[in-house]
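Commentary on secondary and tertiary structure
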Amino acid sequence: SEELQARWMQRMFLSNAAAGIKHTAWYAWKDANFGIGSRTGHYLPGHTPVFTPTLAFVAAQTLSRLLSGLSWQKPLFAGTATSIPKIYAHGFAACGSVMTSPVEVVTLWTNSSEQNTVNLFLGDALGCFAVHDFINSTTAHRVCTDHDGVLVATNISDAVTFLVRE
């Protein structure tokens, strides 16, 4: 589906960043079914092409906007009460910052489509984070670490959640 393709695209770019892969090719950016958009009317004389963005386009915009000026810094320790499902948590910090710098953005997802509550250990990087979903729709909540540096994030699934430091 279009939504699943958007989720895969974001997770692939984030996993590649964590693996140190600097350049990634995403096949069929213009494919009407799974790319970032389709152009209609460009083969018709006298018609201006119309670009119709897909959910993958919006997801790519969100990824680019929220991680602009940042680079992958480190994996983060995260878990659930049952240790299932597998959790992927990555910290991003300003480009060129040292490993001990506080993360500015956390990306978080699981290998399950079901919603999960995740405990994320940020250590001494105390603070509050605005929560953004994978397409950056308006979210009305924020999460904050406790005095031990633990942040509790809810509704985490196989769609990337972005936690942006306030």
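In the block above lies the structure referred to throughout.
Everything in this summary refers to the structure shown in the same document. (Residues numbered from 1 in each chain as written. Predicted model: local features only at pLDDT ≥ 70, side-chain atom pairs only at ≥ 80, totals over all residues. Heavy atoms only, no water.)

**Focus on the overall build of the protein**
- Looking only at helices and strands, the protein features two helices and eleven strands.
- For the protein, the succession of helices and strands along the chain, N to C, is α-β-β-α-β-β-β-β-β-β-β-β-β.
- Looking at the protein residue by residue over its 166 residues, the buried ones come to 41%.
- Put simply, of all contacts in the protein between residues at least 6 apart along the chain, 60% involve residues at least 24 apart. (Helix = DSSP H or I, 4+ residues; strand = E, 2+ residues; numbered from the N terminus. Buried < 20%, exposed > 50% of the residue type's maximum accessible area, 1.4 Å probe, protein only. Contact = heavy atoms within 4.5 Å.)

**Re the pattern of salt bridges**
- Scanning the entire structure with this criterion turns up four salt bridges.
- Here Arg-11 makes a salt bridge to Asp-158, at a shortest N to O gap of 3.9 Å. Here the residue Arg-11 occupies a position in helix 1 (residues 2-18), and Asp-158 occupies one in the loop between strand 10 (150-156) and strand 11 (161-165), the gap between them amounting to 147 residues. You'll find Arg-11 and Asp-158 in the same group, each marked buried.
- The salt bridge partner of Arg-142 is Glu-166, with a shortest N-O separation of 2.6 Å. Here Arg-142 is found in strand 9 (residues 142-144), whereas its partner Glu-166 is found in the segment after strand 11, with 24 residues between them in sequence.
- A relative accessible area of 54% means that Glu-166 is categorised as exposed.
- Overlapping salt bridges bring together Glu-3, Arg-7, Arg-11 and Asp-158 as one network. (Salt bridge = Lys/Arg side-chain N within 4 Å of Asp/Glu carboxyl O.)

**Overview of the sheet that holds strand 5 (residues 87-94)**
- Strand order across the open sheet formed by six strands is 3-5-6-11-8-9, with antiparallel pairing between neighbours. Each edge of the open sheet carries a strand with a single partner, namely strand 3 (70-75) and strand 9. Neighbouring strand axes in the sheet, compared pairwise and without regard to direction, differ in orientation by 30° on average.
- Where strand 6 (residues 105-110) meets strand 11, four bridges bridge the pair, whose relative direction is antiparallel. Paired with Thr-107 across the strands is Phe-162, a residue of strand 11.
- Seen against the sheet, helix 1 touches strand 3, strand 5, strand 6 and strand 11 and runs at an angle of roughly 120° to strand 6. (Pairing = 2+ DSSP bridges. Axes fitted to C-alpha atoms, helices over the stretch in contact; angles between N-to-C directions.)

**Things to note about the packing of aromatic side chains**
- Counting across every chain of the model gives one aromatic pair.
- Their ring planes at 15° and their centres at 5.3 Å tell us that Tyr-88 and Trp-109 sit as a pair that is stacked. Here Tyr-88 is found in strand 5, whereas its partner Trp-109 is found in strand 6, with 21 residues between them in sequence.
- By relative accessible area, which is 27% here, Tyr-88 ends up partly exposed.
- Stacked on the ring of Phe-134, the Lys or Arg Arg-7 has its end atom at 5.4 Å from the ring centre. (Phe/Tyr/Trp six-rings, centres within 6.5 Å; stacked < 30°, edge-to-face > 60°. Lys NZ or Arg CZ within 6 Å of the ring centre and 35° of its normal.)

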